[in-house]
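Observations on chain architecture
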Amino acid sequence: MVRMVLALLAGAVLAFAAIVGIEAVSAQFFPIPANFASMDSVDQGEVMDELPFAAKALVLLGWGLGSAVGAFAVRAIAGPGRLGGVIVALVIAGGLATVFTIPHPLWMRFGAVLAPLAGGWIAARVPVPSLALPWGRRAAG
């Protein structure tokens, strides 16, 4: 049970780090106004409309990569099973909260679900190397 909780915590932290990392790279290429968070939703929607497709695609890439990294970490720590789906669900929930709070194009609303699902699907198929874990069990792929 402790191993599962630790796996979920590690997976969530790594998923969040991957998403924030990709979005930080995106912000370097496609900066948004510094006062974006204090804008009302209409102004935020206008900023989103002005962002190029590549900036929006990088956000989806971040959600997919975050989901993949987090789900893979859960598998590496907790072993085989469906526990990585919890990370995928968290990323989907975060993505949906974002696209419905700040106006986004319709295709990004679908992407908020599809990108994390694709990342989780990939993570479930990547072989996990056998790791000597501190609690004496070996992770299975």
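Here's what I pulled together on the structure shown here. (Residues numbered from 1 in each chain as written. Predicted model: local features only at pLDDT ≥ 70, side-chain atom pairs only at ≥ 80, totals over all residues. Heavy atoms only, no water.)

On to the environment of Gln44, then. Residue placement: Gln44 occurs in helix 2 (residues 41-50). When its relative accessible area of 8% is taken as the criterion, Gln44 is described as buried. Spatially, the C-alpha atom of Gln44 lies 9.7 Å from that of Thr101, the residues being 57 residues apart in sequence. Other than its neighbours up to four places away in sequence, Gln44 contacts Phe36, Ala37, Met39 and Ile102. (Helix = DSSP H or I, 4+ residues; strand = E, 2+ residues; numbered from the N terminus. Buried < 20%, exposed > 50% of the residue type's maximum accessible area, 1.4 Å probe, protein only. Contact = heavy atoms within 4.5 Å.)

Below, the discussion takes up the packing of helix 4 (residues 84-101) against helix 5 (residues 106-125). The geometry of helix 4 relative to helix 5 is characterised by a closest axis approach of 9 Å and an angle of 165° between their N-to-C directions. Judged by the angle between their axes, helix 4 and helix 5 are roughly antiparallel. The handedness of the crossing between helix 4 and helix 5 is right-handed. Residues Val88, Val91, Ile92, Gly95, Leu96, Val99 and Phe100 of helix 4 form the contact with helix 5, whose own contacting residues are Met108, Arg109, Ala112, Val113, Pro116, Leu117 and Gly120. Looking at side-chain class alone, the contact of helix 4 with helix 5 contains eleven nonpolar, two polar and one charged residues. (Axes fitted to C-alpha atoms, helices over the stretch in contact; angles between N-to-C directions. Parallel < 35°, antiparallel > 145°, perpendicular 65-115°, else oblique. Left-handed = near helix turned anticlockwise from the far one by under 90°. Nonpolar A, V, L, I, M, F, W, Y, C, P; charged D, E, K, R; others polar.)

Before going further, it helps to spend a moment on the layout of surface pockets. Put simply, the largest pocket is a space of about 670 Å³. Lining the largest pocket are 28 residues, and of these Ile19, Glu23, Val59, Trp63 and Thr98 sit closest to its centre. Residue assignment for the lining of the largest pocket shows that the elements contributing at least two residues are helix 1 (2-29), helix 2, helix 3 (53-78) and helix 4. Residue contributions to the lining of the largest pocket peak at nine residues, all from helix 1. Per-class residue counts for the lining of the largest pocket are 21 nonpolar, five polar and two charged. (1 Å grid on protein atoms, 1.4 Å probe; cavity = no way out; pocket = protein on both sides within 12 Å on 5 of 7 lines; lining within 4 Å. Points joined across faces, edges and corners; volume = space filled by probe spheres on them.)

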